[in-house]
Amino acid sequence: METTIPMSTPDAAAVLEQKRIQFYRFFLIATIINNVFLAALCFGANGGPALATAPAWTVTALGALGAATAPLALLALFLRKAGAVGVVVTGVAAGIASLAGGVIGFGLVFLFATAFWAFIAKRNWYRLV
């Protein structure tokens, strides 16, 4: 007589949960990389061609907000709620600064990306520390 050992298979909810966490982490890493490049563009290349027509204060503000967002996103990997709130606040501030500085395209991207990021964080909020 042959006996078989029942195999445990993760249920669909657990698999979906794991994929959400992985996507959240991926988006945090993309946020870090994007904002490091934004800070470098603003401080190193004075905004480059994308911000050539923007006032100097806008370029400085975006560079500072990009420099602040990168460590906050890194913090969100470990102290999740504190970092998540910081990322949302700096993202909204960057969107407002861009719109106020007349860089409508940047402002809309910042606001859309921040809203998308907040949606992802909200879906994972109960798991955040």
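For the structure, see preceding data.
So, here is what we can say about the structure in this document.

The rules behind the values
Residues numbered from 1 in each chain as written. Predicted model: local features only at pLDDT ≥ 70, side-chain atom pairs only at ≥ 80, totals over all residues. Heavy atoms only, no water. Phe/Tyr/Trp six-rings, centres within 6.5 Å; stacked < 30°, edge-to-face > 60°. 1 Å grid on protein atoms, 1.4 Å probe; cavity = no way out; pocket = protein on both sides within 12 Å on 5 of 7 lines; lining within 4 Å. Points joined across faces, edges and corners; volume = space filled by probe spheres on them. Helix = DSSP H or I, 4+ residues; strand = E, 2+ residues; numbered from the N terminus. Patch = residues over 30% accessible without salt bridge, like charges linked within 9 Å, V, L, I, M, F, W, Y side chains within 5 Å. Areas by Shrake-Rupley, 256 points an atom, 1.4 Å probe, with all protein chains shown as cover. Salt bridge = Lys/Arg side-chain N within 4 Å of Asp/Glu carboxyl O. Contact = heavy atoms within 4.5 Å. Buried < 20%, exposed > 50% of the residue type's maximum accessible area, 1.4 Å probe, protein only.

## Topic: the packing of aromatic side chains
One pair of aromatic rings is described through two measures. These are the centre distance and the angle between the planes. Scanning the entire structure with this criterion turns up seven aromatic pairs. Each residue in the set Phe23, Phe26, Phe27, Phe112 and Phe116 is aromatic and connected to the rest through ring pairs, giving one cluster.

## So, the layout of surface pockets
Its boundaries defined by the atoms lining it, the largest pocket holds a volume of some 360 Å³. As for the largest pocket, its lining consists of 21 residues, and the residues nearest its centre are Thr31, Asn34, Asn35, Phe110 and Ala113. For the lining of the largest pocket, the elements supplying multiple residues, two or more each, are helix H1 (12–44), helix H2 (56–78), helix H3 (80–100) and helix H4 (104–123). If you tally residues by element for the lining of the largest pocket, the top one is H4, at seven residues.

## As for a nonpolar patch on the surface
Together, Val92, Ile96, Leu99, Ile104, Leu108 and Leu111 give the surface a local cluster of nonpolar side chains, amounting to about 480 Å² of exposed area. When residues of the nonpolar patch are traced back to their parent elements, those giving at least two are H3 and H4. Take Ile104: it is sitting in helix H4.

## Focus on the side chain of Thr31
Within the element layout of this structure, Thr31 appears in helix H1. For Thr31, the residues in contact, after removing those within four places along its chain, are Thr69, Ala73, Val87 and Trp117.

## Some points on the side chain of Thr69
Residue position: Thr69 is located in helix H2. Residue Thr69 is classed as buried on the basis of its relative accessible area of 6%. In contact with Thr69, other than residues within four places in its own chain, are Thr31, Asn35, Val87 and Thr90.

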